[in-house]
Amino acid sequence: MGFTFQKAVKEQSKGRMGIIGPSGCGKTFTMLTLMQAMAELAGGGKIAVIDTEHGSASKYADLFDFDTLILDSYHPQNYIDAIKVAGDAGYTFLGIDSLSHAWAGTDGALELVDRAAARSKSGNSYAAWREVTPLHNKLIEAILGSSCHVIATMRAKTEYVQEKNENGKTTIKKVGLAPIQRDGMEYEFDVTADMDLDHNFIVSKTRCSALDGAVIRKPDRELAATWYQWLTSGAVPVERKPSESNFADETTCKPPESPKPSGKSADFTKFYASASNLGLTEDDVHASAAEFFKLPSLKSLKDVAGLSQQKLNEFLMWLVSNKRKSA
């Protein structure tokens, strides 16, 4: 049985982000802020939220436009089904608020283990994990395989510590620790950040180099723009056949063909829609484009020779940055 390696190519991808923090740090608000900003940058896209916090996300419905599904049983299969429904319904962005309940909530993994142990003659919880672990793995696969961009919040175990303030007075401060989820869950995401009660977004793990080591106070659309640019840069994903097609044919010894990287032509319609959402007219865009591309004047972006989607995305991020600076 033969195998074939092929040239690695960065492809455009769906976002996977985990936000961890104690109650009150701003996880839900940040999740909604990032999804709505990305929808605006993309020129549209529906937002859905799986809400396990008794409808808390809907308290922000006057600030954000999204649909919600409230779960009252946190069985991992309910999460899996809801994630699939969101993808099938055509939502572009999916928030899971929070993922912790699938672990430690009513009908969550820990409760399922206790029930399985109680049913067994031995009462051995280690044996009970044989039933629950595959279900947990299916939940991870559902998140990673979703056709939506996914941002999941996770509660953090909290602890109170004593600190001395600048006047030397002892104060009590609440801090967040590890996420309430299975160990290692945070490493399943492209970007994982801890949030503290001062609303700092502290990136602890990332595949996006532009966010490496970032500490962002009250994260906003600038963070969304940085992440969105990274997600949309690269080749259009190649449709892959089932895994068995990765093996060479043992009869002919003919290796599988390597998928060829493909570029993506610039989508001007979506770009102008994104610029409009930023409050920019086409004349504003063309004036800025002349500066960005170092041209004397410009009547249409289509006149920029050899303009790729990646370069167009870079121009959009530049517009976002300049708009934020002038605000």
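Quick caveat: nothing in here was measured; it's all calculated off a predicted structure.

The subject of this paragraph is the environment of Asp 107. With respect to the element layout, Asp 107 can be found in the loop between helix H3 (101-104) and helix H4 (109-119). Classification of Asp 107 by relative accessible area gives buried; the value is 16%. Along the chain, Asp 107 and His 75 lie 32 residues apart, while their C-alpha atoms are 4.7 Å from each other. Setting aside residues no more than four positions away along its own chain, Asp 107 makes contact with Ser 73, Tyr 74, His 75, Pro 76, Leu 112 and Arg 115. A distance of 2.6 Å separates a polar atom in the side chain of Asp 107 from a polar atom in the side chain of Ser 73. Engagement of the side chain of Asp 107 in a polar contact is seen with the side chain of Arg 115, the distance being 2.6 Å.

Another aspect to go through is the confidence of the model for the chain. Taken as a whole, the chain shows an average pLDDT of 84; of its residues, 84% reach a score of 70 or greater. When mean pLDDT is taken per element in the chain, strand E4 (residues 93-97) scores highest with 98 and helix H9 (residues 309-326) scores lowest with 65. Contacts of residues 243-264 to residues separated by more than four positions or lying in other chains number 26 contacts, the stretch itself having pLDDT below 50.

With 52 residues, the main nonpolar core has Leu 301 and Phe 315 as its most contacted residues. When residues of this core are assigned to their parent elements, the largest contribution, eight residues, is made by helix H1 (residues 27-41). Once residues within four sequence positions are removed from consideration, Leu 301 is found in contact with Phe 268, Phe 271, Tyr 272, Val 285, His 286, Ala 289, Phe 293, Leu 307, Leu 312 and Phe 315. Core analysis: the second largest hydrophobic core is formed by 35 residues, Ala 109, Leu 112, Val 113 and Val 132 among them.

Here the focus is unusual backbone geometry. Here Asp 97 and Ser 98 are connected by a cis peptide whose omega angle stands at 10 degrees. One non-glycine residue, His 54, adopts positive backbone phi at about 60 degrees. Within the fold, His 54 resides in the loop between strand E2 (47-51) and strand E3 (67-70). A relative accessible area of 70% means that His 54 is categorised as exposed.

Here we come to the pairing of E4. Here E4 lies mainly inside the structure; five of its five residues are buried. The alternating pattern of E4 places Phe 93, Gly 95 and Asp 97 on one face and Leu 94 and Ile 96 on the opposite face, and all of these are buried. Bridge analysis of E2 against E4 gives five bridges, and the strand direction is parallel. In the sheet register, Val 49 faces E4, and the bridge partner there is Gly 95.

Moving on: the pattern of salt bridges. Where charged atoms from two side chains of opposite charge approach closely, those side chains can pair. Under the criterion given, the structure shown has seven salt bridges. As a salt-bridge pair, Glu 53 and Arg 155 come within 2.6 Å of each other at their nearest N and O atoms. With a gap of 102 residues between them, Glu 53 in the loop between E2 and E3 and Arg 155 in strand E5 (residues 149-164) connect regions that are remote in the sequence. Look at Arg 155 and you get partly exposed, because its relative accessible area is 35%. Among the salt bridges present, the one from Asp 88 reaches Lys 84, with a minimum N-O distance of 2.6 Å. Of this pair, Asp 88 and Lys 84 are both found in helix H2 (residues 76-88), four residues apart, which corresponds to roughly one turn of the helix. Each of Asp 107, Glu 111 and Arg 115 takes part in one network of salt bridges that share partners.

Summed over the entire model, instances satisfying the criterion amount to four aromatic pairs. Relative to Phe 293, the ring of Phe 292 has its centre 4.9 Å away and its plane inclined at 90 degrees; by these criteria the two rings are edge-to-face. For Phe 293, a relative accessible area of 16% translates into the label buried. Site record: aromatic cluster; members linked through ring pairs are Phe 29, Tyr 60 and Phe 64. For the cation-ring pair, Lys 46 lies above Tyr 91, with the distance from its terminal atom to the ring centre recorded as 4.5 Å.

Scoring rules and cut-offs
Residues numbered from 1 in each chain as written. Predicted model: local features only at pLDDT ≥ 70, side-chain atom pairs only at ≥ 80, totals over all residues. Heavy atoms only, no water. Helix = DSSP H or I, 4+ residues; strand = E, 2+ residues; numbered from the N terminus. Buried < 20%, exposed > 50% of the residue type's maximum accessible area, 1.4 Å probe, protein only. Contact = heavy atoms within 4.5 Å. Polar contact = N/O pair within 3.5 Å; in protein donor to acceptor, adjacent residues only side chain to side chain. pLDDT = per-residue confidence, 0-100. Core = buried A, V, L, I, M, F, W, Y, C linked by side-chain atoms within 4.5 Å. Pairing = 2+ DSSP bridges. Salt bridge = Lys/Arg side-chain N within 4 Å of Asp/Glu carboxyl O. Phe/Tyr/Trp six-rings, centres within 6.5 Å; stacked < 30°, edge-to-face > 60°. Lys NZ or Arg CZ within 6 Å of the ring centre and 35° of its normal.

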